[in-house]
Amino acid sequence: MTALLETRGVWQRFGGLVANSDVSISVGRGEIVGLIGPNGAGKSTLFNLIAGVLPPTQGSIWFDGEDVTKMPAAERCQRGVGRTFQVVKSFETMTVIDNVIVGALVRNTVMREARRKAHEVLEFTGLAARADVLASDLVPAEKRRLEVARALATEPKLLLLDEVLTGLTPTEAQTGVALVRKVRDAGITVLMVEHVMEIVMPLVDRAIVLDLGKVLVEGKPTEVVRDPKVISAYLGDRHAVGA
Amino acid sequence: MDKNFAARRRRDLIIAAVLAALAALAPLFVKDVYVQNILILTLMYAALSQSWNVLSGYCGQISLGHALYFGIGAYTTELLFTKFGVLPWFGMLGGGVIAALIAMGLGYPFFRLRGHYFVIATIVIAEIGLLLFQNWEWAGAAMGITIPVRGDSWLKFQFMRSKLPYFYFALVLCCLAWFVTWWLEDSKWGFWWRAVKDNPEAAESLGVVVFNSKMGAAAVSAFLVAIGGAFYAQFLAYIDPESVMGFQFSLLMALPAVLGGIGTLWGPVLGAAILIPMTELTRSYIGGSGRGVDLIVYGTLIVLISLALPQGLVSLFSRAKSKGATR
């Protein structure tokens, strides 16, 4: 069976800046893959290319056996790519349930069904009690959760999580980790960008480390963290010597 | 929760039906032609503002150029009637369709603009429309078109002896615009529009085709406004560019919604019910040259509202309600 997601030789240039150079990664069905790397490594750019915010300068992106390189974000969502945003983008003037209904409408054209689906997702993500609250009244951790809920309501095959665990208290992060596991157990493939290594590593099946726009290392989390190249990318060359 | 939601929708519908029934009885008590006139205008602006609210309130694309669609409705109807003998009822629909098409044609380039730039574009386009009509000889140019009125006729939708038919038509139009909004509010389109207004990028990531959503809102909005324009032309029995396409119409569609509550179901009706009678009364008390004065009055009102109640007057009701709801 082919990978669910594949990027083939993807380049992204912004003027003179090369954000991604020749990035080829693949994500298999049912995996949780972590995309990590120091600040400025090109994680967010790659993430946006996969979500369809902009097309890559060069290379192609394949999803579920189909070339989606030129496909706009909305269409990719219809094909089964769900995403969250690093800086949360809730629909602030709408209630929590209404936020989620927007996502649910992708697969449910009848309002009653979309609403039922949205309630299901709120139940799943632990937001049910907050259904009728305005999104603007949520605390930051709940807003993160709402991002996930909204994306899940689109019934994605692949869920892209952009730093959903960053900036949370340890307890909140633990609940977040549990939620990601639950999502995977529901049969959804997860690709997550994080730079908090200690949270991500126990969670993911495989880690891909980006540095300076390139894939540096990729493999099992336990191997990746011990790789001298990774240590030097995060901490500088001096620290890599002893490893 | 779902029950609450369904109950609220039903309650809105019942309130609307009761209000419409009461309004329908108003002519039994209001015999004064001047007051009837104010009622007609109030209903018309409520309908217009409700339609404006679809694009600008729900979908968040603030237009200050809706006078264009109002004028197109008026001109299509009267040109078809005076030049080709087409009955106003068909002209009205034709005007609606043409306005919707123009709205989409303009949306094609302008929906790529954001925020203030979009607003400016709408103003400019409406002014261009006004200039075109002022110079278009075949359409009567600045002289306008006088509609030949030969007695009362529902077929030709013209009435000399009584204003009541106009009143009832305006009431129906108002109900229609309200009902369309009510219906769209709990539809895929309604949700898409609000999502587009709040955050287009997030909307796009959830499968909403932002551009198409805006186009849909523009078409519905322009169609309904053009019907209003056609009605107004019949009501006046005379049109010229300034009297159906002037900038004040764009304002008078936006202000009731802003006053009552932009992007809400009841805002436009509530706003129009306060604003329009007030405008008409100040104008008549202060005298013929009062056009500037009514502008001052609603300018002041808007400033007060945006300072004290940015969500509009409807927030008074919902605030009281949510207090009651939190046990």
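The structure presented is a predicted model; accordingly, all values stated were derived computationally and were not measured.

Here we take up the overall build of chain A. If you tally the helices and strands in chain A, you get 10 helices and 10 strands. Relative to its length of 243 residues, chain A is compact, with a C-alpha radius of gyration of 18 Å against a globular reference of 18 Å. Along the first, second and third principal axes, the C-alpha set of chain A runs to 60 × 40 × 35 Å. Relative to its 243 residues, chain A shows a buried fraction of 46%. Put simply, 62% of the contacts in chain A that link residues at least 6 apart link residues at least 24 apart.

With that settled, consider the overall build of chain B. When you go through chain B residue by residue, the secondary structure sums to 14 helices and 2 strands. In terms of overall size, chain B behaves like a compact globule, its C-alpha atoms giving a radius of gyration of 20 Å where 327 residues would be expected to give roughly 20 Å. Projected onto its principal axes, the C-alpha positions of chain B cover 60 × 50 × 35 Å. Out of the 327 residues belonging to chain B, those deemed buried represent 47%. Contacts in chain B between residues far apart in sequence, at least 24 positions, make up 75% of those at least 6 positions apart.

Before going further, it helps to examine the pairing of strand β9 (residues 206-211) of chain A. All names here are of chain A. Within β9, 5 of the 6 residues are buried, leaving the element largely enclosed by the surrounding structure. Alignment of β9 against strand β10 (residues 214-219), held across 5 bridges, turns out to be antiparallel. Along β10, the bridge assignment pairs Leu-210 with Val-215. Connecting the antiparallel pair β9 and β10 is a turn made up of 2 residues, with Leu-212 showing a positive phi of about 50°.

All names here are of chain A. Put simply, helix α3 (residues 96-104) and helix α4 (residues 111-125) touch, their axes get as near as 8 Å, and they point 115° apart. For the pair α3 and α4, the sense of crossing is right-handed. On α4, the residues touching Val-96, Ile-97, Val-100, Ile-101 and Ala-104 of α3 are Ala-114, Arg-115, Lys-117, Ala-118, Val-121 and Leu-122. Partitioned by chemical class, the residues of the contact of α3 with α4 number 9 nonpolar, no polar and 2 charged.

To continue, consider the sheet that holds strand β2 (residues 17-27) of chain A. Residues and elements named next belong to chain A. An order of β2-β1-β4-β5 is seen for the 4 strands of this open sheet, with the pairing classed as antiparallel. Either end of the sheet is taken by a strand with one partner, and the two such strands are β2 and β5 (66-67). With 5 bridges joining them, strand β1 (residues 5-14) and strand β4 (residues 58-63) adopt antiparallel strand pairing. Residue pairing in the sheet places Trp-11 in a bridge with Gln-58 of β4. Strands β1, β2 and β4 of the sheet are contacted by helix α1 (residues 43-51), whose axis makes an angle of about 120° with β1.

This part is about helix α5 (residues 140-153) of chain A. Residues and elements named next belong to chain A. Taking 1.5 Å as the rise per residue, α5 with 14 residues should run 20 Å; its terminal C-alpha atoms sit 20 Å apart, in good agreement. Of all the 14 residues making up α5, 11 are buried; the element is thus mostly covered by neighbouring parts of the structure. When we look at burial in α5, the residues that qualify are Glu-142, Arg-144, Arg-145, Leu-146, Glu-147, Val-148, Ala-149, Arg-150, Ala-151, Leu-152 and Ala-153. Elements in contact with the buried residues of α5: β6 (81-83), α3, α4, β7 (158-162) and α6 (170-185).

With that settled, consider unusual backbone geometry. Phi is mostly negative for residues that are not glycine, and the peptide bonds are mostly trans. A positive phi is found at A:Glu155, a non-glycine position, where the angle reads about 50°. Within the secondary structure, A:Glu155 is located in the loop between α5 and β7. The class of A:Glu155 is partly exposed, set by 17 C-beta atoms lying within 10 Å. Positive phi, normally seen in glycine, also occurs at B:Ala237, with a value near 60°.

Right, let's talk about the sheet that holds β6(A) for a bit. To summarise the sheet geometry, strands pair through backbone hydrogen bonds and adopt either a parallel or an antiparallel arrangement. All names here are of chain A. Spatially, the 6 strands line up as an open sheet ordered β6-β7-β8-β3-β9-β10, and their pairing is mixed. At either end of the open sheet lies a strand with only one pairing partner, and these are β6 and β10. Here the strands of the sheet are splayed against their neighbours by 20° on average, with no regard to which way each runs. With 4 bridges connecting them, strand β3 (residues 32-36) and β9 associate as parallel partners. Each residue of the ladder has a partner; that of Leu-35, found in β9, is Ile-208. Helix-sheet contacts for α6 involve β3, β7 and β8 (189-193), and the interaxial angle to β8 is about 150°.

Residue and element names in this part refer to chain A. Bridging between β1 and β2 involves 7 bridges; their strand directions are antiparallel. Among the inter-strand pairings, Val-10 is bridged to a residue of β2, identified as Val-23. Hairpin connection from β1 to β2: 2 residues lie between these consecutive antiparallel strands, with Gly-15 at a positive phi of about 60°.

Attention now goes to the nonpolar core. With 168 residues, the main nonpolar core has A:Val100, B:Met44, B:Ala170, B:Cys174, B:Ala222, B:Val225 and B:Ala226 as its most contacted residues. With 16 residues, the single largest contributor to this core is helix α9 (residues 210-236) of chain B. Apart from the residues within four sequence positions on either side, B:Ala170 is in contact with B:Ile40, B:Leu43, B:Met44, B:Ala47 and B:Phe231.

Taken residue by residue, the interface counts 19 residues in chain B and 25 residues in chain A. Counting residues per element, the ones that place at least two in the side of chain B that touches chain A are α7 (188-198) and α8 (200-205) of chain B. Among the residues forming the side of chain B that touches chain A, the class breakdown is 8 nonpolar, 4 polar and 7 charged.

Calculation rules
- In this convention, every chain numbers its residues from 1, walking through the sequence in written order.
- By the order in which they are written, chains take letters starting at A while ligands take numbers starting at 1.
- Confidence filtering applies because this is a predicted model: local features only for residues at pLDDT of at least 70, side-chain atom pairs given and counted only at 80 or more, and all residues used for totals across whole chains, interfaces and linings.
- Secondary structure elements are defined from DSSP: runs of H or I of at least 4 residues count as helices, runs of E of at least 2 residues count as strands, and each element is numbered from the N terminus.
- Within these notes, the globule rule equals 2.2 Å times the number of residues to the 0.38 power, and the radius of gyration is based on C-alpha atoms.
- Partly exposed residues are those whose C-beta has more than 12 but fewer than 20 other C-beta atoms within 10 Å; with 20 or more the residue is buried, with 12 or fewer it is exposed, and the C-beta atoms are placed from the backbone.
- By definition, residue pairs are in contact when their C-beta atoms, positioned from the backbone, come within 7 Å.
- Two strands qualify as a pair provided that DSSP identifies no fewer than 2 bridges between them.
- Every axis in this analysis is a line fitted to C-alpha atoms, fitted for helices over the stretch in contact. Angles between the N-to-C directions lie between 0 and 180 degrees.
- Crossing handedness follows the turn of the near helix against the far one: under a right angle anticlockwise gives a left-handed crossing, and clockwise gives a right-handed one.
- Gly counts as polar in this scheme, as do all residues outside two lists: the nonpolar Ala, Val, Leu, Ile, Met, Phe, Trp, Tyr, Cys and Pro, and the charged Asp, Glu, Lys and Arg.
- One less than the residue count of a helix, multiplied by 1.5 Å, gives the span that helix is expected to have.
- We call a set of buried Ala, Val, Leu, Ile, Met, Phe, Trp, Tyr and Cys residues a nonpolar core when their C-beta atoms link them within 7 Å.

Functional significance is not addressed by these values, which are geometric in nature.
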